[in-house]
Amino acid sequence: QDSNDETEDVSLFDAEDEGTKAAKKKKIRHPIASFFHLFFRISAILVYMLSGFSSSFIACMVTIILLLSCDFWVVKNITGRLMVGLRWWNQVDDDGKSHWVYESRKAAQEKKSSSEAESRIFWLGLITCPIIWVILAFSSLLSFNLKWLAVVIMGVTLQGANLYGYIKCKVGSRKNLTSIATNYFGTQFLRQTFSRENQAES
């Protein structure tokens with residue numbers, strides 16, 4: 001379920017062609033949100049990579065899980081809405097059915113509050129960290145370090161869920177993508193059919 005009506009699509013890095021707004025776009029409007037968008041996820045990776053120097057597996061594991069949980073909540077509920085005007089959530093209707101909702105900021109609000117610098121920070125942090133967790137997961141498997149595998153899988157799951165949710169906000173629901181693809185191929189088919197008929201008549 002989408003609520004993208006009367007909204008403007010948010011480009012991956014919010015780049016604009018208008019040179020007069022360059023200074024405004026480069027300004028970080030929400031420095032605290034930008035800091036915490038990266039702080040929790042980078043801290044979790046650093047704690048994991050430095051865990052070899054610690055003798056307490058439980059302390060490192062609990063610290064990483066807490067950092068990942070804080071990161072998931074902050075990115076899902078705060079930084080996405082402030083930095084790029086996107087948010088996603090799950091709601092249950094009166095029949096007890098679960099629905100995922102993906103929303104983007106309205107066009108008028110986006111023009112006033114969009115920032116290219118914040119958008120770059122948001123998307124680079126959102127995409128890079130899950131990739132690092134995937135690499136760490138393969139590393140744990142190849143080195144047979146199975147005691148850390150559950151922690152790494154949690155990192156992949158939590159940060160991957162936010163990445164998936166915001167990509168859905170960015171490109172729309174699978175239903176919309178399917179309808180777009182269907183319309184495109186249908187149009188191409190009609191064009192080819194008419195072109196063949198015209199060639200046959202001539």
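Residues numbered from 1 in each chain as written. Predicted model: local features only at pLDDT ≥ 70, side-chain atom pairs only at ≥ 80, totals over all residues. Heavy atoms only, no water.

As recorded in an unreviewed UniProt entry, the protein goes by the name Golgi apparatus membrane protein TVP23 homolog, listed as coming from Xenopus laevis. Quoted verbatim from the Sequence similarities (unreviewed entry) field of the UniProt record, the comment on the protein reads "Belongs to the TVP23 family." As its UniProt record puts it under Subcellular location (unreviewed entry), the protein is described as follows: "Membrane". (UniProt positions renumbered as here; feature names shortened; annotations may be inferred.)

A. Main features of the pairing of strand 2 (residues 98-104). Bridge count for strand 1 (residues 86-92) against strand 2 is 7 bridges, and the pairing is antiparallel. Residue V92 lies in a different strand from strand 2, and its bridge partner there is S98. Between strand 1 and strand 2, which pair antiparallel in sequence order, lie 5 residues; one of them, G96, sits at a positive phi of approximately 85 degrees. (Pairing = 2+ DSSP bridges. Helix = DSSP H or I, 4+ residues; strand = E, 2+ residues; numbered from the N terminus.)

B. Inspection of the UniProt feature "transmembrane region" (unreviewed entry) in the protein at higher detail. Under the feature "transmembrane region" (unreviewed entry), the UniProt entry names residues 32-50, 56-75, 121-142 and 148-167. Regarding residues 32-50, the helix share stands at 95% and the strand share at 0%, and the terminal C-alpha atoms are separated by 26 Å. Between the end C-alpha atoms of residues 56-75 the distance is 29 Å, and the span holds 95% helix and 0% strand.

C. Quick peek at the pattern of salt bridges. On inspection of all chains with the given rule, the structure shows 3 salt bridges. E103 is paired through a salt bridge with R87; the nearest N and O atoms lie 2.4 Å apart. Residue E103 is located in strand 2, and its partner R87 is located in strand 1; the two are separated by 16 residues in the primary sequence. Residue R120 pairs with E116 through a salt bridge whose shortest N-O separation is 2.9 Å. With a gap of 4 residues between them, R120 and E116 both fall in helix 5 (residues 116-142), about one helical turn apart. With relative accessibility at 38%, the residue R120 sits in the partly exposed group. We classify E116 as buried; its relative accessible area is 18%. (Salt bridge = Lys/Arg side-chain N within 4 Å of Asp/Glu carboxyl O. Buried < 20%, exposed > 50% of the residue type's maximum accessible area, 1.4 Å probe, protein only.)

D. Looking closely at unusual backbone geometry. Although it is not a glycine, F144 adopts a positive phi angle of roughly 55 degrees. Inspection of the secondary structure puts F144 in the loop between helix 5 and helix 6 (149-171). You can call F144 exposed: its relative accessible area is 68%.

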